Amino acid sequence: MSPRDTDRLHLLEDAVLNHSTAFGEEERSRLGLRGLLPFAVETLDQQVRRAYAAYGDQPTDLARHINLRALQDNNETLFYRLLRDHVEEMLPIVYTPTVAEACRHFSQIYRRPRGLFVAYPDREHLTEILRNRPHRDVDVIVVTDGQRILGIGDQGIGGMGIPIGKLSLYTALGGIDPARTLPIVLDVGTDNADLLDDPMYLGWRHPRIDDAEYHAFIEQFVTAVEAELPGTLLQWEDFATPHALPILERYRDRLLTFNDDIQGTAAVAMAALTAGCRASGTKLTEQRVVMLGAGSAGVGVCEQIVRAMTAAGLSEQAARERIHVVDIRGLLTEDRTDLDPAQRRLAQPADAVPSTTAGPAGLADVVAAVRPTALVGLSTATGAFTEQIVRTMHAHCDRPVIMPLSNPTSRSEAAPQDLLDWTDGRALIATGSPFPQARYGGREVPVAQCNNVYIFPGIGLAVTAVRATRVTDAMMTAAAEAVAESVDTHAQVPSLLPERAHLADTATAVARAVARAAVTDGVAPHLSDEEIDDAVRATRWRAEYLHHHAQA
Ligand SMILES: NC(=O)C1=CN([C@@H]2O[C@H](COP(=O)(O)OP(=O)(O)OC[C@H]3O[C@@H](n4cnc5c(N)ncnc54)[C@H](O)[C@@H]3O)[C@@H](O)[C@H]2O)C=CC1
Ligand SMILES: CC(=O)C(=O)O
Ligand SMILES: [Mg+2]
């Protein structure tokens, strides 16, 4: 093929450049596309209607996910316009819960390459791999090693579904140019026996590497990213807790990076708790919190609550006394020898809660003794918030905040309808994955979705707009406050989070607040508030076709 042939075919093959049937008469003539497309010229709106109809014809959620991914790989502008126009309907398809199925079936549904597969046996070629990235300039990388995908465990390279899904939302909600995003999976093997036995599995068929080898590989990866893509936001996603916390500690002061499961989840949960205090007319410093789950997400949320309570006037010790954490073995207590340092900071005295069983006090014991005002689940333990536990909680708290946050839906600690029924309609509820609205007393009750999707798109927009160099705690706190302030306080039924339909507006509010915090913290160049707002506005990419100037 001549260079001219590759150029013009490239326009139809490259999802960023492709306008497909919207290439107009003049463009088709000038760019050598005449006859390569059906005769009719469509507008973007007409294309959206056609794409929506094809989407509607799909028989299952996974088929809808595959349909949208194919569209994304064919024409990103159209994909993002469709997503923007139907964001509430399509969020559960692109993201949790359906993305969990896409990760499980990644090798079977694999069609076209997207992002980078960085396999351990290729480690000598890390720089070469990064240089092979499809687009030169990158604002945001989301990287996973696939070990703890949502609440469904080790998915090996199937975990790639998560960076792709998260980055779709960075663009759809946070306005990051899709050509400046880069999903990466670190293929360090898998311990998932089904995948190792599956002849279709496309990853490195090897048990996971660990310890020194693993950390050396992560260091090699980070060093290569620093060299090739300095200043790019590096988001860690769905790493197993024993790796997630140490990686964050090691790199957070070295480059522009954050862990979404630890810090993003903490910020959104903090926002929901703040809105819950407002709805129940209580103060944050009066809350008693019980957390089920002591993984990276649960620990991150608890530490954010400690920071907020101390900022509101409590001593750190008093704040920690108000937070009880329960894991698969029971209450975290100082006498337990199986806790890591982060969990140990959240442990209670050995005799804090009497146990009615042989081991440490369980969730039922803790709820009965502590009388929490807020109960949060980040445990993957389906149905763990039982009727008895919830009724006990409600007996001591008129408006309990109850947040089963585990993903996907099949891992939720409770169903919102049950929570309302067991609390006479009084519970203030948010879930991790989307649930249909519940009903109580003849009224429809919308269920808020407490998910880090309220946070990360705005973080990406902020750091890109003002060229921040670090993600600080103050920036995450600013994100939480911006989300809490965006909650509609005049709604008939109090909600813990802004409406999902307004996620893009919330991302803008988060971006402004986070960018201001970055400037105040000295990790972004000095800009006035007005300049920050202008930068955020100017950074937002829009799903519109740009004129092609290339010559035929
Ligand atoms: N809503 C949101 O925005 C987010 C939700 N998550 C969800 O949180 C969950 C946990 O994530 P990680 O902390 O990374 O996982 P992890 O696996 O590191 O931690 C799970 C924790 O729950 C405990 N646990 C497991 N089974 C239990 C049981 N039957 N009873 C009591 N405790 C039990 C474990 O001991 C552990 O402490 C996942 O489902 C994930 O999808 C995570 C990040 C964000
Ligand atoms: C939402 C998210 O990041 C998780 O469930 O892991
Ligand atoms: Mg995650």
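What counts and how
Residues numbered from 1 in each chain as written. Chains lettered and ligands numbered in written order. Predicted model: local features only at pLDDT ≥ 70, side-chain atom pairs only at ≥ 80, totals over all residues. Heavy atoms only, no water. Buried < 20%, exposed > 50% of the residue type's maximum accessible area, 1.4 Å probe, protein only. Helix = DSSP H or I, 4+ residues; strand = E, 2+ residues; numbered from the N terminus. Pairing = 2+ DSSP bridges. Donors = N, O, S within 2.8 Å, 3.2 Å for Na, K, Ca; no water. Contact = heavy atoms within 4.5 Å. Near = heavy atom within 4 Å. Polar contact = N/O pair within 3.5 Å; in protein donor to acceptor, adjacent residues only side chain to side chain. Areas by Shrake-Rupley, 256 points an atom, 1.4 Å probe, with all protein chains shown as cover. 1 Å grid on protein atoms, 1.4 Å probe; cavity = no way out; pocket = protein on both sides within 12 Å on 5 of 7 lines; lining within 4 Å. Sits in = over half its atoms within 2 Å of the grid points. Nonpolar A, V, L, I, M, F, W, Y, C, P; charged D, E, K, R; others polar. UniProt positions renumbered as here; feature names shortened; annotations may be inferred. Axes fitted to C-alpha atoms, helices over the stretch in contact; angles between N-to-C directions. Salt bridge = Lys/Arg side-chain N within 4 Å of Asp/Glu carboxyl O. Domains from an automatic or database assignment. Points joined across faces, edges and corners; volume = space filled by probe spheres on them. Buried area = accessible area lost by both parts, 1.4 Å probe.

A few points about the pairing of strand β6 (residues 289-292)
- Neither face of β6 is exposed, since Val289 and Met291 on one face and Val290 and Leu292 on the opposite face are all buried.
- One ladder, built from four bridges, connects β6 with strand β7 (residues 323-327); its direction is parallel. Note on β7: the bridge partner recorded for Val290 is His324.

As for the coordination of the magnesium ion (ligand 3)
- Protein coordination at the magnesium ion (ligand 3): the donors are Glu237 (OE), Asp238 (OD) and Asp261 (OD), at 2.0 Å from the metal.
- Read N to C, the donor residues that coordinate the magnesium ion (ligand 3) are spaced as E-D-x22-D. Here the residue Asp238 occupies a position in the loop between β4 (233-236) and α13 (241-251), and Asp261 occupies one in helix α14 (residues 260-280), the gap between them amounting to 23 residues. Grouping residues by exposure puts Asp238 and Asp261 together as buried.

Details of the environment of Val299
- As for its placement among the helices and strands, Val299 is situated in helix α15 (residues 296-311).
- With 54 residues separating them along the chain, Val299 and Val353 place their C-alpha atoms 20 Å apart.
- In this view, Val299 contacts Ala294, Ala342, Gln343 and Leu346; residues no more than four positions away in its chain are not counted.

Remarks on the site of ligand 2
- Taken together, Tyr95, Arg148, Leu150, Lys166, Glu237, Asp238, Asp260, Asp261, Asn407, Asn451 and Asn452 make up the full set of residues near ligand 2.
- Separating an oxygen atom of ligand 2 from a side-chain N or O atom of Glu237 is a distance of 3.0 Å.
- Summarising the interface, the protein chains cover 91% of the accessible area of ligand 2, which totals 210 Å² for the free molecule.
- Judged by its atoms lying within 2 Å of the grid points, ligand 2 is housed in the largest pocket.
- Its residues assigned to classes, the shell around ligand 2 shows two nonpolar, three polar and six charged.

Concerning the UniProt feature "domain: Malic enzyme NAD-binding" (unreviewed entry) in the protein chain
- Sites flagged by UniProt as "domain: Malic enzyme NAD-binding" (unreviewed entry) map to residues 262-519.
- Structurally, residues 262-519 is divided into 43% helix and 12% strand, and its ends, taken at the C-alpha atoms, are 23 Å apart.

Things to note about the sheet that holds β4
- Taken in spatial order, the five strands of this open sheet run β1-β3-β2-β4-β5, and their pairing is parallel. The sheet is open, and its two edges are formed by β1 (116-119) and β5 (257-259), each paired on a single side. On average, each strand axis in the sheet is inclined to that of its neighbour by 20°, with strand direction left out of account.
- Across three bridges, β4 lies against β5 in parallel orientation. Bridge pairing in β5 places Gln235 opposite Phe258.

A few points about the pattern of salt bridges
- Counting across every chain of the model gives 36 salt bridges.
- Put simply, Asp73 and Arg114 hold a salt bridge, and the shortest N to O gap is 2.9 Å. Placement of the pair is Asp73 in helix α4 (residues 61-74) and Arg114 in the loop between α8 (106-109) and β1, with a sequence separation of 41 residues. Per residue, the accessibility class of Asp73 equals that of Arg114, and both read buried.
- Close ionic contact of Asp338 with Arg329 constitutes a salt bridge, the shortest N to O distance being 3.1 Å.
- The exposure class of Asp338 is partly exposed, given its relative accessible area of 36%.
- Each member of the salt-bridge network shares a partner with another, and the members are Arg69, Asp73, Glu76 and Arg114.

Quick notes on the sheet that holds strand β8 (residues 330-331)
- Pairing in this open sheet of seven strands is mixed, and the strands run β8-β7-β6-β9-β10-β11-β14 from one edge to the other. Edge positions in the sheet fall to β8 and β14 (448-449), since each has one partner strand and no second.
- Across two bridges, the pairing between β7 and β8 is antiparallel. Bridge pairing in β8 links Asp327 to Gly330.

Considerations on the site of ligand 1
- As a matter of local geometry, ligand 1 sits amid 25 residues, with Arg148, Thr241, Thr265, Ala294 and Asn452 nearest to it.
- Measuring from an oxygen atom of ligand 1, one finds a backbone N or O atom of Ala294 at 2.8 Å.
- Within the backbone of Leu405, one N or O atom sits 3.1 Å away from a nitrogen atom of ligand 1.
- In isolation ligand 1 offers 860 Å² of accessible surface; the protein chains occlude 83% of this area.
- Of the pockets mapped on this structure, ligand 1 occupies the largest pocket.
- Those elements that place two or more of their residues in the shell around ligand 1 are α14 and α15.
- Of the residues assigned to the shell around ligand 1, the class counts are nine nonpolar, 13 polar and three charged.
- The residue makeup of the shell around ligand 1 includes at least three contributed by each of domain 2 (111-255) and domain 3 (277-445).

A look at the layout of surface pockets
- Here the largest pocket is characterised by a volume of approximately 790 Å³.
- Together, 38 residues line the largest pocket, and Arg148, Leu150, Leu378, Ser379 and Thr380 are the ones closest to its centre.
- Every element with two or more residues in the lining of the largest pocket is listed here: α10 (161-172), α13, α14 and α15.
- Looking at the lining of the largest pocket, its residues break down into 17 nonpolar, 15 polar and six charged.
- Residues lining the lining of the largest pocket come from more than one domain, with at least three contributed by each of domain 2 (111-255) and domain 3 (277-445).

Comments concerning the domain arrangement of the protein chain
- When the domains of the protein chain are assigned, the result is domain 1 (3-92), domain 2 (111-255) and domain 3 (277-445).
- Taken over C-alpha atoms, the centre of domain 1 sits 28 Å from the centre of domain 2.
- Of the residues lining the interface, twelve residues belong to domain 1; the matching set on domain 2 comes to 13 residues.
- Summed over both partners, the interface of domain 1 with domain 2 buries about 1100 Å², with 57% contributed by carbon and sulfur atoms.
- Along the contact surface separating domain 1 from domain 2 lie three salt bridges.
- A salt bridge links Arg112 to Glu13, with the shortest nitrogen-to-oxygen separation between them at 3.9 Å.
- For the pair domain 1 and domain 2, the number of links is four residue pairs in polar contact (both at pLDDT 80 or more).
- Counting residues per element, the ones that place at least two in the side of domain 1 that touches domain 2 are α4, α5 (76-85) and α6 (87-94).

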